[in-house]
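An overview of the molecular structure
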Amino acid sequence: MESSLDQAPAIAHAHAHAAEHTHDEAGNALFGFIVFLLSESVIFLSFFVSYFLYKITTSDWYPDGVTGLATREPLINTIVLVSSSFVIFIAERFLHKRNLWGFRVFWLLTMAMGAYFLLGQAKEWSELPFGFTSGLFGGTFYLLTGFHGLHVLTGILLQGLMLIRSFIPGNYDKGTVGVEETSLFWHFVDVIWIVLFILLYVWQ
Amino acid sequence: MTNVPIEAIANRTPQPLPGAPDNWKRFFTFSTDHKVIGIQYLVTSFTFFLVGGFFAMIIRGELVTPEADLVDRTIYNAMFTMHGTVMLFLWMFPSLVGLANYLVPLMIGARDMAFPRLNAIAFWMVPVAAILLMASFFAPGGPSQSGWWAYPPVSLQNPTGKLLNGQFLWLLAVAISGVSSIMGAVNFVTTIAKMRAPGMTLFRMPIYVWTVLSAQIIQLYGLPALTAGAVMLLMDLTFGTSFFDPAKGGNPVLYQHFFWFYSHPAVYVIILPIFGIFSEIFPVFARKPLFGYKIVAISSMTITFVSGIVWVHHMFASGTPPWMRIFFMFTTVFVAVPTGVKVFAWVATLWGGKLRLTTPMLFALGALIMFVFAGITGIMLATVPIDIHVNNTYFVVGHFHYVLFGTATMGMFAAIYHWFPKMTGRMYNEGLGQLHFWLTFVGTNLNFLPMHPLGLMGMPRRVASYDPEFAFWNVLASIGGFLLGMATLPFILNMVGSWVQGKKAPDNPWRAIGLEWMVSSPPPVENFEEIPVVVAEPYGYGKNEPLVAGDRAADLVTEPS
Ligand code: HEM
Ligand SMILES: [Cu+2]
């Protein structure tokens, strides 16, 4: 123990200490992010449960003059969003093989698909004959799609950030945890959408 | 490596004592040190304990006489709403998070929390929420008057018609405090899962760490449900949607489900760390290992999950169908089993021990007694036929004040005294501490015991005026309330006085076993010179075994003969 009062071992110790830090931090960040997503999923679950309960207990579910939702364009939208999960997966593969341009191309493609989804959503909203205050159906419809849309937007912004960061030299020396988290978030947003699509569009 | 006294290792880089130039200022900075953040939380939350206490004094003042003669009824409504909200969201939760922030990294042998910056952000959201809540006093129509539940349709009334009203600010404040709590929960769970020192296996963690983990998991699954309900309520209030508005075909009972799906488990978020505090303090001052360590640890986790399926016991009188009542009555009684197991473990720990009645021990013992009483009234309330009669009466108010004041707040005091020497490097004044205890113990019982006969006689809660037949017990309760108000004076005097000029505290004033007691008081930045290697279970009192590799901790343990 006496020896650790000397300079040299103390410095060695400090180095070991720094290494121990960076290694743990990435693991912790991913773990913490998963914990956060699990927690976040309970908000969606709560909204789903509300929708389900309202729908099975309300007699006049649709507002006057509305008979249901058109499914064609939302279905195309769904297909685009779900496929983007595979595209982002390919982007990640490229990154692991240290093919930065491959990563960037597929990453950008994911972003474009996400943006396509959001625009499609906006178009649908603008054409619907009912609004947020049109009874429980209108309320839950816009609540669910809006809250999900916010997540898509967050995902795209995160992806943009990761894309910009990929141009910083040495960005991946400390690992790729940011990219992994973003892509995890994207899969999460996708899975939520599938449940949402079934609830809102399939179960009419 | 082996024979160096611990003091020599620990004292090498002591943190400068508070009071040294520009030192106290660090508490006003965006510090990421978990110890600074812990104290920031504790001091902030205690400030709001005083604010919430001030509201309580007004409530008790109004209730001295049967007539509503002290304040206007709308003010009375605002007072009980703000009292409950402040005490829960600005005193109980943040104070417990503060203590956990301070202790968890030290107890598991980590240098800090997993995400120090997130930690600081989560803390600074608390004053933001507090300012928003207090700002509602200046909003048109004054603060929210719908109680800490904010049940619709009452919470949807907006007589002034303004967008920015008391209820809106209330929802905003609760939402921000919720986001802060979720950030904290992510941080605690990650820290405990990933940052334990070598050798600190799950079943070597102090029970306090177990209880923090259990409580924070509840936050993670419960708070989002409340958030969802709060968002929908906010939409109803602000944009005129109809989720919970019965006049527009909405369902107000669904809000109750969201609210209690979180707020029942939330009482366990509060009480579990208090159980942890008991489990740390009793062994130290009884000089015996904690009885049934593993069972106590597992009980905490059991409570985490079972407490998620009992919430409807708050809604027995909300038109709940009979099958639901029976189911939730059963689960509520069931969740009391692991709780009872713990009580048994503490009594067995104390049994035959050489009890040292220091201030923290007195507070912990007092809190345990109050908890047993509250547990009994809790089981009574869980029984549907009884609850149908006393629901929404003072009996319920009596029950939860025995837990929230008698157990949780007194348990917090026990913890503050117990770890005060560690946090500040100074000893508190024992005489003032004991005075604080006796005033609090007598005041709590005098204030909250009369609420039980009142409830049984049928006095409803949340009223500013009442039938004169209830006067006797109300006067007693008010005297108790004012006594409790006075009881905080010796505490404040003690804390401030001792921090400034108390006796210097040694590293381990209680001869306690635990990693936090092996570093200097207050601990250095980054806590440990060298991360310790844990070789034994906690609570090795009287066992003569070292806790960490290369230590002679046994010396600390054996009684001087
Ligand atoms: C043995 C354990 C417990 C049981 C069986 C129990 C049971 C109950 C029941 C059935 C009610 C609903 C009464 C009603 O509204 O009609 C209730 C209310 C309450 N309990 Fe407990 N409880 C227990 C422990 C606790 C603990 C540990 C806390 C807090 C730390 C707590 C805090 C509360 C609060 C705050 C309320 C009332 C909330 C309100 O209506 O404003 N309880 N309890
Ligand atoms: Cu409850």
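Residues numbered from 1 in each chain as written. Chains lettered and ligands numbered in written order. Predicted model: local features only at pLDDT ≥ 70, side-chain atom pairs only at ≥ 80, totals over all residues. Heavy atoms only, no water.

- Chain B goes by Cytochrome c oxidase subunit 1 in an unreviewed UniProt entry, where it is assigned to Oscillatoriales cyanobacterium SpSt-418.
- Annotation of chain B in UniProt includes, under Pathway (unreviewed entry), the sentence "Energy metabolism; oxidative phosphorylation." (UniProt positions renumbered as here; feature names shortened; annotations may be inferred.)

- An unreviewed UniProt entry lists chain A under the name Heme-copper oxidase subunit III, from Oscillatoriales cyanobacterium SpSt-418.
- What the UniProt record of chain A gives under Sequence similarities (unreviewed entry) is the line "Belongs to the cytochrome c oxidase subunit 3 family."
- The annotation that UniProt attaches to chain A under Subcellular location (unreviewed entry) is "Cell membrane".

**Here's the deal with the packing of aromatic side chains**
Residues and elements named next belong to chain A.
- Counted by the stated rule, this structure contains 77 aromatic pairs over all chains.
- Considering the side-chain rings of F44 and F188, the 6.2 Å spacing of their centres and the 70 degrees angle between planes classify their relative orientation as edge-to-face. Within this pair, whereas F44 is found in helix α1 (residues 7–57), its partner F188 is found in helix α5 (residues 177–202), the two being separated by 144 residues in sequence.
- For F44, a relative accessible area of 1% puts it in the buried group.
- For F188, a relative accessible area of 12% gives the class buried.
- Over the ring of W101 we find R104; its NZ or CZ atom is 4.6 Å from the centre of that ring.
- Above the face of the F167 ring, R104 is positioned so that its terminal group lies 3.9 Å from the ring centre. (Phe/Tyr/Trp six-rings, centres within 6.5 Å; stacked < 30°, edge-to-face > 60°. Helix = DSSP H or I, 4+ residues; strand = E, 2+ residues; numbered from the N terminus. Buried < 20%, exposed > 50% of the residue type's maximum accessible area, 1.4 Å probe, protein only. Lys NZ or Arg CZ within 6 Å of the ring centre and 35° of its normal.)

**What to know about the packing of helix α10 (residues 359–382) of chain B against helix α13 (residues 430–448) of chain B**
All names here are of chain B.
- Two elements in contact, α10 and α13, have axes separated by 9 Å at closest approach and are oriented at 10 degrees. Viewed along their axes, α10 and α13 adopt a mutual orientation that is roughly parallel. Here T359, L362, F363, G366 and M370 of α10 come into contact with α13, specifically with E430, G433, Q434, H436, F437, W438, T440, F441, T444 and N445.
- For the contact of α10 with α13, the residue count by class is six nonpolar, eight polar and one charged. (Axes fitted to C-alpha atoms, helices over the stretch in contact; angles between N-to-C directions. Parallel < 35°, antiparallel > 145°, perpendicular 65-115°, else oblique. Contact = heavy atoms within 4.5 Å. Nonpolar A, V, L, I, M, F, W, Y, C, P; charged D, E, K, R; others polar.)

**Topic: the coordination of the iron atom of ligand 1**
All names here are of chain B.
- Inspection of the coordination sphere of the iron atom of ligand 1 shows a single protein donor, H399 (NE2), at 2.1 Å.
- Here the iron atom of ligand 1 and the copper ion (ligand 2) are spaced 4.5 Å apart.
- Structurally, H399 can be placed in helix α12 (residues 394–424). (Donors = N, O, S within 2.8 Å, 3.2 Å for Na, K, Ca; no water.)

**Concerning the interface of chain B and chain A**
- Opposite the 37 residues of chain B that make contact, chain A presents 30 residues.
- Taking both partners together, chain B and chain A bury about 2,700 Å²; carbon and sulfur atoms supply 71% of that area.
- Between the two partners, chain B and chain A, sit two residue pairs in polar contact (both at pLDDT 80 or more).
- Those elements that place two or more of their residues in the side of chain B that touches chain A are α5 (166–194), α6 (207–239) and α7 (252–286) of chain B.
- At ten residues, α6(B) tops the list of elements feeding residues into the side of chain B that touches chain A. (Buried area = accessible area lost by both parts, 1.4 Å probe. Polar contact = N/O pair within 3.5 Å; in protein donor to acceptor, adjacent residues only side chain to side chain.)

**Regarding the coordination of the copper ion (ligand 2)**
All names here are of chain B.
- The coordination sphere of the copper ion (ligand 2) contains the protein donors H264 (ND1), H313 (NE2) and H314 (NE2), at a distance range of 1.8 to 2.1 Å.
- Positions of the donor residues of the copper ion (ligand 2) along the chain correspond to the pattern H-x48-H-H.
- For H264, a relative accessible area of 5% corresponds to the buried category.
- Given the relative accessible area of 27%, H314 is considered partly exposed.

**Digging into the site of ligand 1**
Residues and elements named next belong to chain B.
- Near ligand 1, the surroundings consist of 23 residues, among which W148, D387, N391, H399 and R461 are the closest.
- At a separation of 2.9 Å, an oxygen atom of ligand 1 approaches a polar side-chain atom of W148.
- A distance of 2.8 Å separates an oxygen atom of ligand 1 from a polar side-chain atom of R461.
- Secondary-structure elements contributing two or more residues to the shell around ligand 1 are α7, α10 and α12. (Near = heavy atom within 4 Å.)

**Examining helix α3 (residues 100–127) of chain A**
Residues and elements named next belong to chain A.
- For α3, with 28 residues, the first-to-last C-alpha span of 41 Å sits near the 40 Å given by 1.5 Å per residue.
- Along α3, the residues that are buried comprise G102, F103, R104, W107, T110, M111, M113, G114, F117, Q121 and E124.
- Of the surrounding elements, those touching the buried residues of α3 are α2 (72–96), α4 (135–165) and α5. (Expected span 1.5 Å × (residues − 1).)

**Here we look at the nonpolar core**
- By size, the foremost hydrophobic cluster in this structure holds 232 residues, and its most contacted members are W107(A), Y208(B), F244(B), F278(B) and F282(B).
- For this core, the element with the highest residue contribution is helix α3 (residues 73–108) of chain B, accounting for 22 residues.
- Once residues within four sequence positions are removed from consideration, F278(B) is found in contact with P283(B), W346(B), A364(B), A367(B), L368(B) and T407(B). (Core = buried A, V, L, I, M, F, W, Y, C linked by side-chain atoms within 4.5 Å.)

**Points about α3(B)**
Residue and element names in this part refer to chain B.
- Compared with an ideal rise of 1.5 Å per residue, which puts 36 residues at 52 Å, α3 spans 50 Å between its outermost C-alpha atoms and is within 8% of the ideal.
- Approximately 30 degrees is the largest bend angle found in α3, and it occurs at M87.
- Taking burial as the measure, the 36 residues of α3 include 32 buried ones, the bulk of the element.
- In the stretch just after α3, G109 is the one whose phi turns positive, near 75 degrees. (Bend = angle between axes of the 7 residues up to and from the residue.)

**Details of the UniProt feature "transmembrane region" (unreviewed entry) in chain A**
- Under the local residue numbering, the UniProt record ascribes the feature "transmembrane region" (unreviewed entry) to residues 30–54, 75–95, 101–119, 140–164 and 184–203 of chain A.
- For residues 140–164 of chain A, helix accounts for 100% and strand for 0%, while the C-alpha atoms at its two ends are 36 Å apart.

**A closer look at the environment of Y394(B)**
Residue and element names in this part refer to chain B.
- Looking at where Y394 falls in the secondary structure, it is placed in helix α12.
- In sequence terms Y394 and P273 are 121 residues apart; their C-alpha atoms lie 27 Å from each other.
- When sequence neighbours within four positions are dropped, the list of residues in contact with Y394 reads L63, Y76, M451, L454, G455, M459, P460 and R461.

**Points about the UniProt feature "domain: Cytochrome oxidase subunit I profile" (unreviewed entry) in chain B**
- In the UniProt entry, the feature "domain: Cytochrome oxidase subunit I profile" (unreviewed entry) is given for residues 24–535 of chain B.
- Across residues 24–535 of chain B, the secondary structure splits into 67% helix and 0% strand, with the terminal C-alpha atoms separated by 37 Å.

**Describing the packing of helix α2 (residues 34–62) of chain B against helix α15 (residues 471–501) of chain B**
Residues and elements named next belong to chain B.
- Contact geometry of α2 with α15 gives a least axis separation of 10 Å together with a crossing angle of 155 degrees. As summarised for this structure, α2 and α15 are arranged roughly antiparallel, according to the angle between their axes. The interaxial crossing formed by α2 with α15 has left-handed handedness. Touching I39, F46, F49, L50, M57, R60 and G61 of α2 are N474, A477, S478, G481, F482, G485, T488, F491, I492 and W499, all from α15. (Left-handed = near helix turned anticlockwise from the far one by under 90°.)

**Topic: the confidence of the model for chain B**
All names here are of chain B.
- With 94% of its residues at a pLDDT of 70 or more, chain B shows a mean pLDDT of 92.
- Across residues 1–22, confidence stays below pLDDT 50; counting only partners more than four residues off in sequence or on other chains, it has 44 contacts.
- In this model residues 557–561 is a low-confidence stretch, pLDDT under 50, and it forms 14 contacts with partners more than four residues away in sequence or in other chains.
- In the predicted assembly, ipTM is 0.90 and pTM is 0.92. (pLDDT = per-residue confidence, 0-100.)

**Details of the environment of L484(B)**
Residues and elements named next belong to chain B.
- With respect to the helices and strands, the residue L484 is situated in helix α15.
- Take L484: its relative accessible area is 9%, and that puts it in the buried class.
- Placed 346 residues apart in sequence, L484 and F138 show a C-alpha to C-alpha distance of 29 Å.
- Residues in contact with L484, not counting those within four places in the same chain, are F405, T440, G443, T444, N447 and F448.

**Describing the pattern of salt bridges**
All names here are of chain A.
- Tallied over the entire structure, the rule returns three salt bridges over all chains.
- With a shortest N-O distance of 2.9 Å, K123 and E73 are connected by a salt bridge. You can see K123 sitting in helix α3 and its partner E73 sitting in helix α2, a full 50 residues away along the chain.
- Overall, K123 belongs to the partly exposed group, its relative accessible area being 39%.
- Looking at E73, the relative accessible area reads 40%, which means it is partly exposed. (Salt bridge = Lys/Arg side-chain N within 4 Å of Asp/Glu carboxyl O.)

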